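Summary of the model geometry
So you can see what is in the structure, the chains are spelled out below.
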Amino acid sequence: MFLGARRGFARHRCGAGRESYPRRDTDNSAFEDYRRATITRLEKEAEEFRSYLDGLRRAADASAFQAFLRARKSGESSAS
């Protein structure tokens, strides 16, 4: 039970549960502008980072697949 609660906390901390809590604007418009700009910037950076990680995963997969093909080809040529 504790682990499940902890997972829920992790999802909330990552922003997954953000929409379930109503946002309350402050009376400080300068702060609200700063907050919106910061959130937008962080969301853009997070998307760029996810894309970067996806590229790394694809490169690692391609490398592993090429190594597999080379190993298979060298194994077949020595058996012939």
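Here is a short report on the structure shown in this document.

Thresholds, definitions, all that
- Residues take numbers from 1 onward in each chain, read along the sequence in its written order.
- This being a predicted model, a pLDDT of at least 70 is required before a residue's local features are given, and a value of 80 or more before pairs of side-chain atoms are given or counted; all residues contribute to the totals for chains, interfaces and linings.
- With hydrogens and water excluded, all non-hydrogen atoms of the structure serve as input to the side-chain values.
- A helix here means a DSSP run of H or I that spans at least four residues, while a strand means a run of E at least two residues long, and both kinds are numbered starting from the N terminus.
- For each residue, the accessible area found with a 1.4 Å probe, counting protein chains only, is set against the maximum for its type, and the residue is called buried under 20%, exposed over 50%, and partly exposed in between.
- For patches, a residue must show more than 30% relative accessible area and have no salt bridge; joins then use 9 Å for like charges and 5 Å for nonpolar side chains, namely Val, Leu, Ile, Met, Phe, Trp and Tyr.
- Method for areas: the Shrake-Rupley scheme with a 1.4 Å probe, in which residue coverage is limited to the protein chains shown.
- A carboxyl oxygen of Asp or Glu within 4 Å of a side-chain nitrogen of Lys or Arg is what we treat as a salt bridge.
- In protein, a polar contact requires one atom able to donate a hydrogen and another able to accept it; more generally it is a pair of N or O atoms within 3.5 Å, and residues adjacent in sequence count only if both atoms are side-chain atoms.

Right, let's get into the overall build of the chain. A count of helical and extended segments in the chain gives two helices and zero strands. Among the 80 residues that make up the chain, the fraction classed as buried is 6%.

On the surface, Phe49, Tyr52 and Leu56 cluster together into a nonpolar patch covering about 330 Å² of accessible area. Along the chain, Leu56 turns up in helix H2 (residues 29–79).

Glancing now at the pattern of salt bridges. Inspection of every chain in the model, using the stated rule, returns six salt bridges. Taking the shortest distance from any N to any O, the salt bridge between Glu32 and Arg35 comes out at 2.6 Å. With a gap of three residues between them, Glu32 and Arg35 both fall in helix H2, about one helical turn apart. Overall, the relative accessible area of 3% leaves Glu32 in the buried class.

Right, let's talk about the environment of Thr38 for a bit. On the secondary structure map, Thr38 appears in helix H2. On the basis of relative accessibility, which here comes to 17%, the residue Thr38 falls in the buried class. Engagement of the side chain of Thr38 in a polar contact is seen with the backbone oxygen of Tyr34, the distance being 2.8 Å.

Keep in mind these values describe shape, not function.
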